[in-house]
Amino acid sequence: MKKHNRDIQRIEEALIQAHRSLSPVEPGPFFHHKVMARILEESASLRMPAPNGLNTGRLVWRLALLSYLVVTVLAAHLMTSGMDSQYQIFWFILGDSSSLDLFQTFGIM
Amino acid sequence: MSNSPPYQGGESQDFEIISRVLGGDTNAFEVLVHRYSRLVAGIVGKHIPRGRVDEVAQDAFVEGFRSLSSFSQTGPFGHWMAKIAARCCHDFWRKHHRKKEVLAGDLSQGAQDWMDNLMAVQSDETFERESAAAEAIEILDHALARLSAKDRMVVTLVHLEGLPVKEAAVLLDWSVTAVKVRAHRSRKKLRRIILDLQDGAPETEEVMHEKA
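Residues numbered from 1 in each chain as written. Chains lettered and ligands numbered in written order. Predicted model: local features only at pLDDT ≥ 70, side-chain atom pairs only at ≥ 80, totals over all residues.

### So, the overall build of chain B
At step 1: Along its length, chain B carries 11 helices and zero strands.
At step 2: For chain B, the succession of helices and strands along the chain, N to C, is α-α-α-α-α-α-α-α-α-α-α.
At step 3: Counting across all 212 residues of chain B, residues that qualify as buried make up 36%. (Helix = DSSP H or I, 4+ residues; strand = E, 2+ residues; numbered from the N terminus. Buried ≥ 20, exposed ≤ 12 C-beta atoms within 10 Å, placed from the backbone.)

Structure (structure tokens):
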């Protein structure tokens, strides 16, 4: 076991020396140009407007937020107003003769 | 390019350039790329195979550009870029370790012989010569490839480069305790791998499959 430890230490020492003796790495040719090309490409894509001239990405998120708010407010209103939705639907159907016919056709009413 | 340390000098100039870049003058970033490319390539070169250094160093600069608005300007830009370069190296190994690309290939006969010969070496001169051999690098790469990304980064910084724990912690953005604990454990793992390589036995499952 002791011999093993000594062996490992020796190999480890040699490997550390090997790592430290490696010559420093220099950036390759045209490194700066390649980096700037990638950065300019990225920067251009960030500033580029949407194909239809509108900033659709932001518009979609705003619309989603608005829809969420409307649904939440409506749900809260329905829950607090004590409205019976089934009763309301029944009266809507009765008030509209064409939907009444349609429901009778399918045998719902 | 001058030989002066890239961290020093022109710090206020760096801040001025950063303000210009944040103001929309993207081309001004090229000055920073010129100034810090050697530093970044140097850091990356110590962790990544030479053929991939340019690619990872480029990633570091692109990442630096992306998160430039988060640079607090309380410290040198070089330190900040050094951290990003270290993180990119870690990401590189994390991806490769996940793909298990590192497990391919066995040690060459030359590398096996090198380990046997090293034990017989008596003089310091011969030992130095053996340490500079290509086989030593092959064994080191082989052993490091068996470590997880985190272990590999710590072993390279603390044991191979001899960086103080505090500096390694800053570079990796970890706590000093975390670096100390990880450095101790990963060195033990590396030793076990070397021992297995020397005996010609396969590496343990635990070491081979440990996740980053």
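### Observations regarding the interface of chain A and chain B
At step 1: Between chain A and chain B, the residue contacts involve 28 residues of the former and 35 residues of the latter.
At step 2: At the level of elements, α1 (2–20) and α2 (31–47) of chain A are the ones that each hand at least two residues to the side of chain A that touches chain B.
At step 3: For the side of chain A that touches chain B, the element with the most residues is α1 of chain A, which contributes 12 residues.
At step 4: Each residue belonging to the side of chain A that touches chain B can be placed in one class, and the counts come to 14 nonpolar, seven polar and seven charged. (Contact = placed C-beta atoms within 7 Å. Nonpolar A, V, L, I, M, F, W, Y, C, P; charged D, E, K, R; others polar.)

### Some words on the nonpolar core
Residue and element names in this part refer to chain B.
At step 1: Counting 60 residues, the largest nonpolar core has Val40, Val44, Ala60, Met81, Ala85, Cys89 and Ile139 as the members making the most contacts within it.
At step 2: A total of 10 residues in this core trace back to one element, the largest contributor, which is helix α4 (residues 77–99).
At step 3: Both of domain 1 (11–99) and domain 2 (103–209) provide at least three residues apiece to this core.
At step 4: In contact with alanine 85, not counting residues within four places along its chain, are Val40, Ile43, Val44 and Ala60. (Core = buried A, V, L, I, M, F, W, Y, C linked by C-beta atoms within 7 Å. Domains from an automatic or database assignment.)

### Overview of the environment of serine 175 of chain B
Residue and element names in this part refer to chain B.
At step 1: For serine 175, the position within the fold is in the loop between α9 (165–172) and α10 (176–199).
At step 2: When the 10 C-beta atoms within 10 Å are taken as the criterion, serine 175 is described as exposed.
At step 3: Sequence separation between serine 175 and valine 165 is 10 residues; the distance between their C-alpha atoms is 9.5 Å.

### A few points about the confidence of the model for chain B
All names here are of chain B.
At step 1: Confidence in the prediction for chain B averages 82 pLDDT; 78% of positions are at 70 or higher.
At step 2: Scored below 50 in pLDDT, residues 1–9 shows 10 contacts in the model against residues more than four places distant or in partner chains.
At step 3: This model gives residues 203–208 a pLDDT under 50, and the stretch forms 11 contacts once residues within four places in sequence are excluded.
At step 4: Interface scoring of the predicted complex returns ipTM 0.73; its pTM is 0.68. (pLDDT = per-residue confidence, 0-100.)

### Some points on the packing of helix α2 (residues 29–45) of chain B against helix α3 (residues 53–66) of chain B
Residues and elements named next belong to chain B.
At step 1: Direction vectors running N to C along α2 and α3 enclose 135°, while the axes themselves pass 9 Å from each other. Judged by the angle between their axes, α2 and α3 are oblique. Considering only the axes of α2 and α3, their crossing is right-handed. On the side of α2, the interface is formed by Phe29, Val33, Val40, Ala41, Val44 and Gly45, while α3 contributes Val53, Val56, Ala57, Ala60, Phe61 and Phe65.
At step 2: Each residue belonging to the contact of α2 with α3 can be placed in one class, and the counts come to 11 nonpolar, one polar and no charged. (Axes fitted to C-alpha atoms, helices over the stretch in contact; angles between N-to-C directions. Parallel < 35°, antiparallel > 145°, perpendicular 65-115°, else oblique. Left-handed = near helix turned anticlockwise from the far one by under 90°.)

### With respect to unusual backbone geometry
At step 1: For phenylalanine 30 of chain A, which is not a glycine, the phi torsion comes out positive at approximately 60°.
At step 2: Locating phenylalanine 30 of chain A in the fold gives a position in the loop between α1 and α2.
At step 3: The exposed category is assigned to phenylalanine 30 of chain A, around which 11 C-beta atoms lie within 10 Å.
At step 4: The phi dihedral of aspartate 173 of chain B falls on the positive side, at around 65°, and the residue is not glycine.
At step 5: As for its placement among the helices and strands, aspartate 173 of chain B is situated in the loop between α9 and α10.
At step 6: Classification of aspartate 173 of chain B as exposed rests on a count of 10 C-beta atoms within 10 Å.

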